[in-house]
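# Architecture and fold: a report
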Amino acid sequence: MAAYHRPRSLGEALTALAAPHVVLAGGTDFYPARVGRAIDEDVLDIGGIAALRGITEDAAGWRLGATTTWSELIEADLPPLFDGLKQAAREVGGRQIQNVGTIAGNLCNASPAADGVPCLLALDAAAEIAGPTARRLPLGDFVTGARQTALQPGELLAAIHVPRPARPARSGFLKLGARRYLVISIAMAAAVVEFERDRVAAARVAVGACSPVARRLPALEAALIGSGRKQLAARVDAAQLAPLSPIDDVRGSAAYRRDAVVVLLRRLLEGLAS
Amino acid sequence: MKVGFTLNGKAVAWQGAPITRLAAALRDDLGSTGTKIGCDAGDCGACTVLLDGRQTCACLVAMGQIEGRTIETVEGLANGAAALQASFLAHGAAQCGICTPGMLMAAAELLRRNSKPCRGEVEEALGGVLCRCTGYAKIVDAVMNVAAAPPRAPTTGAAVGARLVRVDGLPKVTGREAFGADAVPADALWIRVVRSPHARARFALGDLAPLRQRLAAVLTAADVPFNGYGIYPDIKDQPVLADGVVRYRGEAVVALVGDRRAVLSIRDEDVPIAWLPETPVMGIAAATADGALLVQADKPGNLLLEGGVRRGKVAEAFAAAAAVTEGVFETAFVEHAYIEPEAGWAVRVGDRLEIHASTQTPYMDRDEVASIMRLRPEAVRIVPTACGGGFGGKLDLSVQPLLALAAWALGRPVAFVYTRPESMAASTKRHPSRIAAKFGCDAAGKLLACEVTASFDTGAYASWGPTVANRVPVHAMGPYHVPNVATWGEAFFTNGPPAGAFRGFGVPQAAIAHEAMMDALADKLGIDRLEFRHLNALRAGDSTATGQTLAHSAGLAQCLDALRPHWRKAHQEVAAFNRSGGAKRRGVGIGCMWYGIGNTSMSNPSRMRIGLSPAGTLTLYSGAVDIGQGSNTILSQIAADALGLPVGRIALVAGDTDLTLDAGKTSASRQTFVSGKAAERAAADLRRQILRLANAGTDAALSLDGAVLAVRDGGEVRTIDLAQAGPLIGDGSFDPPTTPLDADGQGIPYATYAFAAQIATVEVDLELGTVKVLRVVAAHDVGRAINPALVEGQIEGGIAQGLGLALMEEYLPGRTENLHDYLIPTVGDVPEIECILIEDREPLGPSGAKGVGEPGLVPTAPAILGAVQHATGVRATRLPLLPHRLREAIVAAEITP
Ligand SMILES: Cc1cc2nc3c(=O)[nH]c(=O)nc-3n(C[C@H](O)[C@H](O)[C@H](O)COP(=O)(O)OP(=O)(O)OC[C@H]3O[C@@H](n4cnc5c(N)ncnc54)[C@H](O)[C@@H]3O)c2cc1C
Ligand code: FES
Ligand code: FES
């Protein structure tokens, strides 16, 4: 019979990972990929590891432990910087999914439609990787492709770090789906905007489900610098979408996605202005 | 591994593989089958339990994760949430009941935090549990009004018309109801089927001997005594197991039978099958192209069936018309998506087979299984389990033939439960359609002529294709008086999944076309869309396109009258909203329908019995299966009043082919009308016998006290001691009077028709192409509402399915084979619904009742699409109207906010 480890410490987990294991966190991606068949992989359940749990804060920013669930995030006392991520959390699946699904699982599963990725890109987050040698990667380098991450054998994602922005920041998230609940995004957009005397001093904007991995939009970010609150939405231009490469699929056409993203971005930025 | 946890307040020690899903452990090892499995993938929420007080999908939790934690399931609710369960019962929030345990748990979590939630909070809390039956309206009401008093039990003689609580409701809210997968014997062997990954291929089986050594049996086509089945006696075209050729993706090829773990651990790749894929014939255009490959070798042109209705002089009438309009409309494969996948178990008892399975049609199952097994029908007993939703999809065989084969051969109980992807790939679908319609009217708006050609993709096998192709030409002109008619229905084989019966048998697709035509003609003449329909509505005394005179009960005009104030008000509100500009635009639309109750020009009798035992037990023996729509309750209400005893006295024996008589299938909205009439007659027969015994007059009042039946006639009371006089059995049957249709489709296809009209208000996001349905008002002529709460439940559930058909549902083989990618409406998608019941009595029906099972769905999509057009100017011609399709049409039409 296949092995099942549920270690109490990170050390034990890493020892177990010397041999190949599938990591199990909230199981909301793990089990749906295994319908109607016996599960015979060796499994490492990381739910019992205290060091991977909880949200902590220090001068540099916040650390979201890998097994932080969407619900824990929604309920956590966090500044407006996290509003976008919280909005995304409220729209991941239904309550059942939010109660057990983890943010790190969302990143490691690396679906092009993962709602957490654009938010965390906009938050300029970094991945804390535990393994034979601990390392940290900017999120953009951690998720490397559709269903691909930079994790090497023997490694796991220990936490996500969100740096404290230099100025007061606001953030938001907009998701487009074909029904109200339990829906995979056709496209989604996330933004963090830092203001100084009512002018944009820094902006980070990312779009998901329109490329193998969610992408930041540097041209739009640059265009937003210096903008007053009222003009944010007007600075969105289709030409800024160059990093995206949307495809036709059952949820929508490529052309539609391009068109819809402009609308989402305008509305998102409009929302941040008010 | 040993896992200790608390289950419903009790410490439990469980032993097993820690990766086992909590849902499986609860059901298979801990006897808590109240937790249901609809997908094993987090998509349906049927398995929702509370884990440390929070709602969680038990199918996504590993047993290894719950050491020391607390689990609450529906079985534990009685200790605290009894009021919630009572509220579900009282509000009629459980129809089939398969989603009910999950709904209850999700609601219980909410109510602990917030005893007075608002609608939005309820929707948020229930957003992760899908219900395919109710349209959620009564569920939301039940959660918001837990304290509401239950409806009072009706007095004797007043059961018909009462909002009687469903007679079979209690087990649905306690989790004790046994669905197809719930009462499998512990020693059962299990079946797993290897299905075709190709839509069209030849194949050769390799050496199966090694597999046969590991398993109890490996079944192939060679093991099936008669390897063909199908709905029609003369079309047995679908093999139980494919024989060298597969015609759709998902077709059954090899059945593995053995210990459950053993069959699950064998991967498809481990079964030696050499595939030779061929280019599949997909869609009507491909099937009808010159030189198209044949799907079935003996079906030239891939044609299954064609036929039509002709009346009057169509060409002349069009030439004389003041306004003519045309359009072509296309719909996709639509999946039933009942939350209970096909499931059941079987056992051989001597020289007989006993099959316990989820079904809509026990007698057809019995005869078909007998034919496949080459047994006499009497050698097969079908015991329907509770059915977790059917909608037409459980009229075809699914698990039954392989269960029969394996149980017969192995002499042990055998179980078979489809996985969700298997259910979606293997089962029948709604027929994709291409409907070309042309309608014309005179200058006053009176319809003169219509010409409709409805082409259907019937998939790989006939299934109910002929029923669809026959029914549609009769209905395709809509519920209107049209003097000159040429309608045509045709169905073609393709390498898609078999298209079968799905709520409405093609009529919903046809309604999308004829209602678009009504809107277009009304607009051309500048007549209000509702008034245009009112002007043309079929009324009692009119004759239909098949030459049938509607003597009674044609209540479309009354429906429209009832909707008129709502329609006007909605128009005013929408206009006010749109004046403020912006990217959101609102619109109002209307859809009408008619629907012939029962089979088309075919006998479809029902026979019922009701008995009084010597002990004084009153039992209704009903072969009709209640698949959630409420026939158990309706039939009891009808029988109670016809007999003259309180409905609460009636015990029910339902469905079992050994204990009941053939009531026909639960389809075509026929059980209330046909079986209801049979139940009324059976009860009346029993009453006659009682009155004769008591020598009493027809107005005598009955009462039952133990085994003593008292008959009060005027001032006189006579008693009958049933211990001596019993058993007394009343027998009744009914077969609606119809006649065959001639070559021009002339005749009496149905004994009666339901009529309905619905209006929908929508909000369209012009920039994103998304549509939110805000409100639906539905007026239905049901003849007589035997139980208004159940009627509303059917309408609300139908509207939710109609909304899905219009806006989101599209089954694509290999791409939307799960409830993640195939979207059905959630609680947040279904609008506020107001039902208006019109009761234009049908003299043939029991207490004047007709049927409502399918009609709820038919007008919804047309109303929504009309509303979208009102809002945007865009008329959808291809369904579902996904956001990208609508947005592309808006861009093409250069419509801007
Ligand atoms: C019904 C339903 C609806 C959903 N809706 C959405 C949605 O709207 N938006 C969305 O983005 N997602 C959605 N999801 C997907 C899923 O819920 C999320 O991706 C979730 O956050 C995954 O977290 P988990 O803890 O459950 O992951 P798991 O299933 O436990 O793991 C996911 C993958 O990541 C790996 N993994 C997990 N944690 C680690 C780690 N710390 N280190 C290394 N590898 C790890 C696992 O091996 C596995 O491959 C939905 C899922 C379901 C079932
Ligand atoms: S069975 Fe668990 S969500 Fe469907
Ligand atoms: S009652 Fe909800 S699925 Fe049947």
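Definitions and limits used
- Residues numbered from 1 in each chain as written.
- Chains lettered and ligands numbered in written order.
- Predicted model: local features only at pLDDT ≥ 70, side-chain atom pairs only at ≥ 80, totals over all residues.
- Heavy atoms only, no water.
- Helix = DSSP H or I, 4+ residues; strand = E, 2+ residues; numbered from the N terminus.
- Rg over C-alpha atoms; globule rule 2.2 N^0.38 Å.
- Buried < 20%, exposed > 50% of the residue type's maximum accessible area, 1.4 Å probe, protein only.
- Contact = heavy atoms within 4.5 Å.
- Areas by Shrake-Rupley, 256 points an atom, 1.4 Å probe, with all protein chains shown as cover.
- Buried area = accessible area lost by both parts, 1.4 Å probe.
- Salt bridge = Lys/Arg side-chain N within 4 Å of Asp/Glu carboxyl O.
- Polar contact = N/O pair within 3.5 Å; in protein donor to acceptor, adjacent residues only side chain to side chain.
- Domains from an automatic or database assignment.
- Axes fitted to C-alpha atoms, helices over the stretch in contact; angles between N-to-C directions.
- Parallel < 35°, antiparallel > 145°, perpendicular 65-115°, else oblique.
- Left-handed = near helix turned anticlockwise from the far one by under 90°.
- Pairing = 2+ DSSP bridges.

## Considerations on the overall build of chain A
Of regular secondary structure, chain A possesses nine helices and 14 strands. Taken against the 2.2 N^0.38 rule, which gives 19 Å for 274 residues, the C-alpha radius of gyration of chain A at 19 Å falls within 12% of a compact globule. Counting only C-alpha atoms and orienting by the principal axes, one finds that chain A spans roughly 60 × 45 × 30 Å. Per-residue burial for chain A yields a buried fraction of 57% across its 274 residues. Of the contacts made within chain A by residues no fewer than 6 positions apart, 60% connect residues no fewer than 24 positions apart. On chain A, roughly 10,500 Å² of surface is accessible, and the fraction owed to carbon and sulfur atoms is 52%.

## Things to note about the interface of chain A and chain B
Opposite the 49 residues of chain A that make contact, chain B presents 62 residues. The contact between chain A and chain B buries some 4,400 Å² in all, and 57% of this surface belongs to carbon and sulfur atoms. Seen at the junction of chain A and chain B, the total is seven salt bridges. For Arg 267 of chain A, the salt bridge identified is with Asp 765 of chain B, shortest N-O distance 2.5 Å. Summed over the shared surface of chain A and chain B, the result is 22 residue pairs in polar contact (both at pLDDT 80 or more).

## Details of the domain arrangement of chain B
Think of interface size as the accessible area that goes away when the parts come together; that is how it is often given. Domains assigned within chain B are domain 1 (1-170), domain 2 (189-279 + 352-417), domain 3 (505-596 + 751-892) and domain 4 (606-734). Relative placement of domain 2 of chain B and domain 3 of chain B: their C-alpha centres are 39 Å apart.

## A few points about the side chain of Lys 677 of chain B
Residues and elements named next belong to chain B. Along the polypeptide, Lys 677 turns up in helix α20 (residues 671-694). A distance of 3.5 Å separates the side chain of Lys 677 from the backbone oxygen of Leu 844, its partner in a polar contact. The contacts of Lys 677, once residues within four sequence positions are left out, are Thr 672, Phe 734, Pro 843, Leu 844, Gly 845 and Pro 846.

## Observations concerning the domain arrangement of chain A
Residues and elements named next belong to chain A. For chain A, the assigned domains are domain 1 (49-163) and domain 2 (169-273). Taking only C-alpha atoms into account, the centre of domain 1 sits 20 Å from that of domain 2. Taken together, the 25 residues of domain 1 in the interface contact 23 residues of domain 2. Counting each side, the surface lost to burial between domain 1 and domain 2 is near 1,800 Å², with a carbon and sulfur contribution of 62%.

## Some details on the packing of helix α3 (residues 82-91) of chain B against helix α6 (residues 137-144) of chain B
Residues and elements named next belong to chain B. Put simply, α3 and α6 touch, their axes get as near as 8 Å, and they point 140° apart. What the angle tells us is that α3 and α6 run oblique. In the packing of α3 onto α6, the handedness of the crossing is right-handed. For the pair formed by α3 and α6, the contact residues are Leu 84, Ser 87, Phe 88 and His 91 on the first element and Lys 138, Ile 139, Asp 141, Ala 142 and Val 143 on the second.

## What about the pairing of strand β25 (residues 618-622) of chain B?
Residue and element names in this part refer to chain B. Of all the five residues making up β25, four are buried; the element is thus mostly covered by neighbouring parts of the structure. Pairing of strand β24 (residues 606-612) with β25, which is carried by four bridges, proceeds in the antiparallel orientation. Bridged to Arg 609 within β25 is Tyr 621. What sits between β24 and β25 in their antiparallel hairpin is a turn of five residues, with Gly 616 showing a positive phi close to 95°. The pairing of β25 with strand β26 (residues 650-654) spans five bridges and is classified as parallel. For Leu 618, the partnering residue across the bridge sits in β26 and is Ile 650.

## Looking at unusual backbone geometry
Residues and elements named next belong to chain B. In this structure, the amide linkage connecting Gly 726 to the following residue, Pro 727, adopts the cis form with an omega of -10°. Counting through the fold element by element, Pro 727 comes out in the loop between α21 (722-725) and β30 (728-734). Looking along the chain, the bond that leaves Leu 879 and enters Pro 880 is cis, with omega of -5°. Tracing the sequence through the fold places Pro 880 in the loop between α23 (860-872) and α24 (883-892). Notably, Arg 374 is not glycine yet its phi reads approximately 55°, a positive angle. Along the chain, Arg 374 falls in the loop between α12 (362-373) and β17 (380-384). Residue Arg 374 is classed as exposed on the basis of its relative accessible area, which comes to 58%.

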